[in-house]
Amino acid sequence: MEPLVDSWGRRIESVRVSVTDKCNFRCTYCMPAEGLQWLPRAEVLTFEEIARLVRILAAMGVSETRLTGGEPLIRRDLPELVRQLAVTPGVEDLSLTTNGVLLDRLAGPLVEAGLKRINVSLDSLSHTRFAELARRDALDKVLAGLEEAERYPELRPIKVNCVAIKGFTEPEVPALAELARRKPYVVRFIEFMPLDADEVWRDDQVLTGDEIRALIEDVYGPLVELPAKASSTAKRYGFADGKGEVGFVNPVSEPFCSACDRIRITADGQLRTCLFSTREWDLKTRLRDGSSDEQLAAAIREAVIHKELKHRINERGFVRASRSMSQIGG
Ligand code: SAM
Ligand code: SF4
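The sections below set out a description of the structure shown in this document. (Residues numbered from 1 in each chain as written. Chains lettered and ligands numbered in written order. Predicted model: local features only at pLDDT ≥ 70, side-chain atom pairs only at ≥ 80, totals over all residues. Heavy atoms only, no water.)

### Quick notes on the site of ligand 1
Around ligand 1, the surrounding shell holds 17 residues, and the nearest of these are Y29, G70, E71, S121 and M193. At 2.9 Å from a nitrogen atom of ligand 1 is found a main-chain nitrogen or oxygen belonging to M193. If ligand 1 stood free it would expose 540 Å²; the protein chains cover 95% of that surface. Those elements that provide at least two residues to the shell around ligand 1 are β3 (93-98) and β5 (158-164). Taken together, the residues that form the shell around ligand 1 break down as six nonpolar, nine polar and two charged. (Near = heavy atom within 4 Å. Polar contact = N/O pair within 3.5 Å; in protein donor to acceptor, adjacent residues only side chain to side chain. Areas by Shrake-Rupley, 256 points an atom, 1.4 Å probe, with all protein chains shown as cover. Helix = DSSP H or I, 4+ residues; strand = E, 2+ residues; numbered from the N terminus. Nonpolar A, V, L, I, M, F, W, Y, C, P; charged D, E, K, R; others polar.)

See below:
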């Protein structure tokens, strides 16, 4: 099949698939403490529907699939979906983003099913501050999950993602940098984006990658920039003595939209061409109304033609997406 290209000439090679909108954490930068309505079960795509979409996308050159949510590990039998996707022709890279709290139980079955890479979210190494942010006291479980993931050399790299929030994250930086040096983890700092359900985000709460890099360099001296793929969202740095790697994902201070190769599918089968899209494209109805693969492919192409040139977080009149991060699939 023809490659999937948007109207700005960007080739789409990566899809993030949300397998559930539910979560067992309530991170302040993502979900409200309570009151978020879950999708009715019948609205959530089945494994067969997800596998069909991924197969059609892979045939159009979308070679990278990442499973996310909500918290993907609470979706029952997730390894079964991984097993189906891992053998899909054209899926060259299959990964998962998780809060890690169920990883001590599931790392083994996921690897066995064919998972190749994992991102674990971790914002603090202090029990009280972790609980303050995730609204769950689960640091030890997440660390146990990471340890378990580490036991499988097939699962590399292990990336640890930290949302960087001004006024919160600064004291966490030395311990997280140390983790990158002590463990085979790539620790990545991701700028806080206006995707929180509580809508408290303000631009002065963004702790930029450059600010964090300076904090790390205060302790370890100059970091050394490492080569990154053109489509990579992260800038990579090594420590001068060669031990460990950190990364910075700077969507607010240094947008990387011009190299964006990504689309998203929500748990209820809506295609989004940008995290900040104000429009969604309904694939679920087509999956369920007898549409052929060709018709689905055409619907995907039509959506991708409308992919936004860039996000407008830094512009006046920026309009927030109607759904928050856990409902979209980060
Ligand atoms: N529950 C899983 C997790 O936390 O890793 C997967 C879904 S979560 C929505 C995916 C990623 O989005 C996580 O790394 C999370 O930290 C990040 N995220 C959530 N809200 C964010 C925000 N407002 N700004 C930046 N990153 C955010
Ligand atoms: Fe859940 Fe992930 Fe959102 Fe935290 S960031 S509330 S773990 S979906």
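### Here's the deal with the packing of aromatic side chains
One pass over the full model with this rule turns up five aromatic pairs. Seen in terms of ring centroids, F25 and F130 are 5.8 Å apart; in terms of plane orientation they differ by 90 degrees. Their pairing is edge-to-face. A residue pair is termed long-range when its members are at least 10 positions apart, and F25 in the loop between β1 (14-18) and α1 (47-59) and F130 in helix α4 (residues 127-134) qualify at 105 residues. Seen from their ring centres, Y237 and F248 are 5.6 Å apart, and the 70 degrees between their planes marks the pair as edge-to-face. Of this pair, Y237 sits in strand β8 (residues 234-238) while F248 is found in strand β9 (residues 245-249), placing the two residues 11 residues apart along the sequence. Looking at F248, the relative accessible area reads 2%, which means it is buried. Directly above the aromatic system of F239 lies the positively charged group of R181, at a separation of 4.7 Å from the ring centroid. (Phe/Tyr/Trp six-rings, centres within 6.5 Å; stacked < 30°, edge-to-face > 60°. Buried < 20%, exposed > 50% of the residue type's maximum accessible area, 1.4 Å probe, protein only. Lys NZ or Arg CZ within 6 Å of the ring centre and 35° of its normal.)

### So, the side chain of R181
As for its position among the elements, R181 is in helix α6 (residues 173-182). Given a relative accessible area of 14%, R181 falls into the buried group. Of note is the side chain of R181, whose polar atom sits 2.6 Å from the side chain of D241. Dropping the residues within four chain positions of it, R181 is found in contact with Y220, F239, D241, K243 and G244. (Contact = heavy atoms within 4.5 Å.)

### A look at the pattern of salt bridges
One side chain can pair with another of opposite charge once the charged atoms of both are near each other. Within the structure shown, the criterion is met by 30 salt bridges. For the salt bridge of R117 with E64, the shortest nitrogen-to-oxygen distance reads 4.0 Å. Taken together, the residues R117 in strand β4 (residues 117-121) and E64 in strand β2 (residues 64-68) connect sequence positions 53 residues apart. Of the residues examined, E64 reaches a relative accessible area of 15% and is grouped as buried. Note that K183 and E147 form a salt bridge whose closest N and O atoms lie 2.8 Å from each other. Of this pair, K183 sits in the loop between α6 and β6 (185-191) while E147 sits in helix α5 (residues 139-150); the two residues are 36 residues apart in sequence, bridging distant segments of the chain. Residue class for K183 comes out buried when judged on its relative accessible area of 17%. By relative accessible area, E147 is classed as partly exposed at 40%. When salt bridges with common partners are traced through the structure, they connect D268, R272, E280 and R323 into a single cluster. (Salt bridge = Lys/Arg side-chain N within 4 Å of Asp/Glu carboxyl O.)

### Looking at the packing of α6 against helix α7 (residues 209-220)
Helix packing for two helices is described by the angle between their axes and how far apart those axes are. The geometry of α6 relative to α7 is characterised by a closest axis approach of 10 Å and an angle of 70 degrees between their N-to-C directions. One way to sum up the angle between α6 and α7 is to call them roughly perpendicular. For the pair α6 and α7, contact is made by V173, P174, A177, E178 and R181 and by I212, L215, I216 and Y220, respectively. The residue inventory of the contact of α6 with α7, partitioned by class, reads seven nonpolar, no polar and two charged. (Axes fitted to C-alpha atoms, helices over the stretch in contact; angles between N-to-C directions. Parallel < 35°, antiparallel > 145°, perpendicular 65-115°, else oblique.)

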